[in-house]
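Coordinate inspection notes
In case you want the letters, here they are:
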Amino acid sequence: MNETKPRILIIYTGGTIGMIEDSESGTLRPFNFDHLIDNVPKIRKLDYSINNIQFDEPIDSSDMSIGDWQKIARYIGDNYDRYDGFVVLHGTDTMAYTASALSFMLENLHKPVIITGSQLPIGEVRTDGEENLITALQIAAATDASGNPMVQEVAILFENYLWRGNRSTKKSADNFNAFKSNNYPPLAKIGLGIHFDTDALWRSPSRRPLDVRLNLDPSVMFIDLFPGLSSEVLNHMLHTPGIKGIVLRTYGAGNAPSQSWFTDSIADAIERGIVIINVTQCATGGVHDRRYYTGDRLARAGVISGRDMTSEAAVTKMMYLFGLGLAPAEVRRYLGCSLCGEVSV
Ligand code: ASP
């Protein structure tokens, strides 16, 4: 491998970008990496050393699992010293979850991990996949004036923007600009050039080497509030066997029913050692649980404020913290801190 060229590893997991039409059913299904690369001859114009790894069976990202996240994290960890940057090709449906999970699993990351995919398969005439792949490679190879990687975090590149991975959410099933980080500015805007917002980019305060944390604990769940939620249904969920952590998706600035059937059940779950974090169902803004009486009752019961964290970041952060083997009190403490730029503190 020529050492002077940027060295990039592409990890192909599947997703629409590499899909082809099934001749029998007419539906899209993941296909192999050679097919994908054959459709982007322009890649050869980039003067990079590019290698690739692909999942044995590329998947639709709706099938993404903790085991798959471990596989991606392991590929990055095993190849970390051999490459300048990593591009992960992934379906859009669960991309924000994967980006969030990897941001926690890859502790002390100092190289770019750029996740991208597309809305139209790479073989289609109007595909967005070719542009996304090429831009992702360029971002993974980008360096600052001192020769250090410009991006040193897990990020999502889609169409015109580069977003922090653990701040992102899929916002459109149809639009080429399919992602957004509603509570954090884009890390870069992509037009004729790639314009980085250097103030927005994450820099790990630790100089320690990469530490890949593979253990994620799946004993977590979402509870989504809606008017009409009954005490029976709520209590059934709060007594889910083995559950350790709950992401409670509340209204507006972190509000929930103030009646005792609700707050007593929540307080009881917390007393039983379950960790509960409050995130808003709103697309933008966050939890200000002392603003209204209804939110304040939750905070007093011991529910942690997720502030402006996304649901995707909250649930994967809990998996990661419980996966470290931490006790509930420690999990609660770290949920309130920013570990890798996932929440404004
Ligand atoms: N269902 C596809 C996936 O997430 C959608 C996409 O890639 O855009 O794998």
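The structure under discussion appears in the preceding block.
What comes next is a walk through the structure. Along each chain, residues carry numbers from 1 onward, in the same order as the chain's sequence is written. The predicted origin of the model limits local features to residues at a pLDDT of at least 70 and limits the giving and counting of side-chain atom pairs to 80 or more, whereas totals for whole chains, interfaces and linings rest on all residues. Note that water and hydrogens are dropped before the side-chain values are worked out from all heavy atoms of the structure.

**Some words on the pattern of salt bridges**
A pair is scored as a salt bridge if a Lys or Arg side-chain nitrogen falls within 4 Å of a carboxyl oxygen belonging to Asp or Glu. Counted by the stated rule, this structure contains 17 salt bridges. A salt bridge links R29 to D22; the shortest N-O distance between them is 3.0 Å. K71 is the salt-bridge partner of D68, the closest N and O atoms lying 3.8 Å from each other. With D68 and K71 both in helix α2 (residues 66-79) and three residues apart, this pair spans about one turn of that helix. Counting from the N terminus, the helices are DSSP H or I runs at least four residues long and the strands are E runs at least two residues long.

**Here's the deal with the pairing of strand β16 (residues 245-250)**
Buried residues are those whose accessible area, probed at 1.4 Å on protein chains only, stays under 20% of the maximum for their type, while exposed residues exceed 50% and partly exposed ones sit between those limits. The buried count for β16 comes to six of six residues, which makes it a mostly enclosed element. Paired strands are those between which DSSP finds at least two bridges. The sheet contact formed by strand β15 (residues 220-224) and β16 spans five bridges and is parallel. In the sheet register, V220 faces β16, and the bridge partner there is G245. Running through helix α5 (residues 231-238), the crossover from β15 to the neighbouring parallel element β16 is right-handed. Across six bridges, β16 lies against strand β17 (residues 275-280) in parallel orientation. Along β17, the bridge assignment pairs L248 with N278. By the criterion used throughout, a crossover qualifies as right-handed when its path from the first strand across the helix to the second strand runs clockwise, the strands pointing away from the viewer.

**Examining the packing of helix α8 (residues 311-323) against helix α9 (residues 328-335)**
The angle between two axes is taken between their N-to-C directions and runs from 0 to 180 degrees, where each axis is a line fitted to C-alpha atoms and a helix contributes only its stretch in contact. Their axes nearest at 10 Å, the elements α8 and α9 cross at an angle of 140°. Relative to α9, α8 is oriented oblique. The interaxial crossing formed by α8 with α9 has right-handed handedness. Contacts between α8 and α9 pair K317, M318, L321 and F322 from the former with V331, Y334 and L335 from the latter. Should an angle lie under 35 degrees it is considered roughly parallel, over 145 roughly antiparallel, and from 65 to 115 roughly perpendicular; all remaining angles are considered oblique. If you view the pair so one helix is near and one far, a crossing is left-handed when the near helix is turned anticlockwise from the far one by less than a right angle, and right-handed when it is turned clockwise. In what follows, a contact means two residues having at least one pair of non-hydrogen atoms within 4.5 Å.

**A look at the packing of aromatic side chains**
The rule is short: rings of Phe, Tyr and Trp, with Trp giving its six-membered ring, pair when the centres are within 6.5 Å, and they are stacked under 30 degrees, edge-to-face over 60, tilted in between. A full pass over the atoms with the stated rule returns seven aromatic pairs. Through successive ring pairs, a cluster of aromatic residues spans Y80, Y83 and F86. For a lysine, the NZ atom is tested; for an arginine, the CZ atom; a charge sits over a ring if that atom is within 6 Å of the ring centre and within 35 degrees of the ring normal. Lying across the ring of F55, K71 places its NZ or CZ 4.2 Å from the centre. In this arrangement the basic side chain of K111 is found over the ring face of Y80, its NZ or CZ atom lying 4.8 Å from the centre.

**Observations regarding the site of the ligand**
A cutoff of 4 Å decides nearness: a residue is near a molecule or strand if any of its heavy atoms lies inside that distance of it. The immediate surroundings of the ligand are formed by G15, T16, D60, S61, G91, T92, D93, S118 and Q119. Polar contacts here mean pairs of N or O atoms no more than 3.5 Å apart (in protein, one a potential hydrogen donor and the other a potential acceptor; neighbouring residues in sequence count only if both atoms are side-chain atoms). Between the ligand and the protein, one listed contact pairs a nitrogen atom with a side-chain N or O atom of D60 at 3.0 Å. Side-chain polar atom of D93 to a nitrogen atom of the ligand: 2.8 Å apart, as the coordinates give it. Computed with the Shrake-Rupley method and a 1.4 Å probe, the accessible areas treat only the protein chains shown as cover for residues. Protein burial of the ligand: of its 260 Å² of free accessible surface, 90% is covered by the chains. For the shell around the ligand, the residue count by class is no nonpolar, seven polar and two charged. Amino acids outside the nonpolar list (Ala, Val, Leu, Ile, Met, Phe, Trp, Tyr, Cys, Pro) and the charged list (Asp, Glu, Lys, Arg) are all regarded as polar, and Gly is one of them.

**Section: α2**
Here the expected length of a helix is defined as 1.5 Å per residue gap, with one fewer gap than residues. With 14 residues, α2 should reach 20 Å at 1.5 Å per residue; the first-to-last C-alpha distance of 20 Å fits that figure. For α2, the set of buried residues is D68, W69, I72, A73, Y75, I76 and N79. Projection of α2 onto a plane perpendicular to its axis shows the buried side chains occupying an angular sector of 155°, all on one side. Throughout, the arc means that of the directions going from the helix axis to the C-beta atoms.

All quantities given are derived from atomic positions and should not be read as evidence of function.
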